[in-house]
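# Understanding the architecture of this molecule
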Amino acid sequence: MENIKTNSLKGNDFYVSLAPHIRSKDTVTKIMLDVIIALIPALIGSVYFMGIRALWMTLICVVSCVCAEYIIQRILKKPVQIRDLSAVVTGILIAFNLPIKFPFWMAIFGCFFTMIIVKECFGGIGQNFMNPALAARIVLMASWAKDMTSYIDYNSIASSTIDGVVQATPLQMIKAGTFEGLPPLQDMIIGRCYGVIGETSAILLAIGGIYLIIRGVISWKTPVVFIGTTIVFLFIFGVPANIIPYEVFGGGLFLGAFFMATDYASSPANGKGKLIFAFGCGLITALIRTKASLPEGVSYAICLMNVASPLIDRLTKTQAYGEAKK
């Protein structure tokens, strides 16, 4: 980096270097480690409510993502970066987006697809155009929709010898208009309801999200605007006020708002852009849940806004200090 030597008022030499001047002790590894720590409460909750298979699914997805990244980086003769823990985070998030009885081999396919195609083929960490875990969820949903939407009654697993009874999620019940069959709201908050592995316990996800906010890994603005916008537009689009809490605590809203919409690489770079991004995520989520045939819309909302991030960055680009306006 070129330095420009100048004189201070006291006659001592000092150097002015070219931008950027921001210095931080944070590294990718430290940030990813914080994210892993933040996901541990939800992981423990998933094992408690769904059984040991939730842990096996998570471990298989983590190992698959790490192996896929290692293999493709060696093939492409790129520096091996598995020690930065980003593949571990992606593996956990992929597992969190899968039903408890989802076949392991399908999960492995999703991990290899997203690490090779979505991440490494676009340049690796920091260059992916959308959240890798959500890309895996979408490709698995497109390939094996029945398996991706087969949710299990966890109570039947504990109380009988059968593998579990397929049960509709609260959002599926709301979509069908069967409000009477909704589980108690407190069960949904703590995680005793049907859904994918990592999205059921809103309180454990919120604990992890608060940890990330305190650590300065993410800003509170993105999840708050995302969740708040979803609530407002659900009401505008006709969802009864007494049902909105079920919409908030059910599905992947907390998982998406705290852990996926805040992804550094696939979200806008500046503060104004992040607010627009979060607002768009909330609007599209509410729109899909109320107007489309799908009961859930968080994954598609975030991915659509991921694609729009470069445009948002361009429209919200700030002017450099001292730069003359054209």
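Residues numbered from 1 in each chain as written. Predicted model: local features only at pLDDT ≥ 70, side-chain atom pairs only at ≥ 80, totals over all residues. Heavy atoms only, no water.

For the protein chain, per-residue confidence averages 83 on the pLDDT scale, and 85% of positions sit at 70 or higher. Across the protein chain, the element-wise mean pLDDT spans from 43 in strand β1 (residues 3-7) up to 95 in helix α11 (residues 221-236). This stretch, residues 14-23, has a pLDDT under 50; its non-local contacts, to residues over four places away or in other chains, come to 16 contacts. Here residues 155-165 is modelled with pLDDT under 50, and outside its nearest four sequence neighbours on either side it reaches 13 contacts, counting other chains as well. (pLDDT = per-residue confidence, 0-100. Helix = DSSP H or I, 4+ residues; strand = E, 2+ residues; numbered from the N terminus. Contact = heavy atoms within 4.5 Å.)

Right, let's get into the nonpolar core. Residues L98, F226, F259 and I302 are the most contacted members of the largest nonpolar core, which totals 86 residues. Broken down by element, the residue count for this core peaks at 10 residues, all from helix α1 (residues 28-50). Residues within four places of F259 in sequence aside, it is in contact with V35, A38, L39, L93, N131, L205, G208, G209, L212 and F254. (Core = buried A, V, L, I, M, F, W, Y, C linked by side-chain atoms within 4.5 Å. Buried < 20%, exposed > 50% of the residue type's maximum accessible area, 1.4 Å probe, protein only.)

The subject of this paragraph is the pattern of salt bridges. Applying the stated criterion across every chain yields a total of 5 salt bridges. Of the charged contacts, one joins R215 and D34 as a salt bridge, the two residues approaching to 3.2 Å between their closest N and O atoms. You can see R215 sitting in the loop between α10 (202-214) and α11 and its partner D34 sitting in helix α1, a full 181 residues away along the chain. Assessed through its relative accessible area of 7%, D34 is described here as buried. (Salt bridge = Lys/Arg side-chain N within 4 Å of Asp/Glu carboxyl O.)

What follows concerns the UniProt feature "modified residue: FMN phosphoryl threonine" (unreviewed entry) in the protein chain. Per the UniProt entry, the sites bearing "modified residue: FMN phosphoryl threonine" (unreviewed entry) are T169 in this numbering. Relative to the helices and strands, T169 resides in the loop between α7 (154-159) and α8 (170-176). Discounting chain neighbours no more than four positions away, the residues touching T169 are Y151, Y194 and G195. (UniProt positions renumbered as here; feature names shortened; annotations may be inferred.)

This paragraph deals with the packing of helix α2 (residues 53-75) against helix α4 (residues 104-119). Across the interface, α2 lies against α4 with an axial gap of 9 Å and an inter-helix angle of 35°. Here α2 runs over α4; the crossing is right-handed. Taken together, the residues of α4 that come into contact with α2 (itself represented by R53, W56, M57, I60, C61, S64, C65, C67, A68, E69, I71 and I72) are F104, A107, I108, C111, F112, M115, I116 and K119. Of the residues assigned to the contact of α2 with α4, the class counts are 16 nonpolar, 1 polar and 3 charged. (Axes fitted to C-alpha atoms, helices over the stretch in contact; angles between N-to-C directions. Left-handed = near helix turned anticlockwise from the far one by under 90°. Nonpolar A, V, L, I, M, F, W, Y, C, P; charged D, E, K, R; others polar.)

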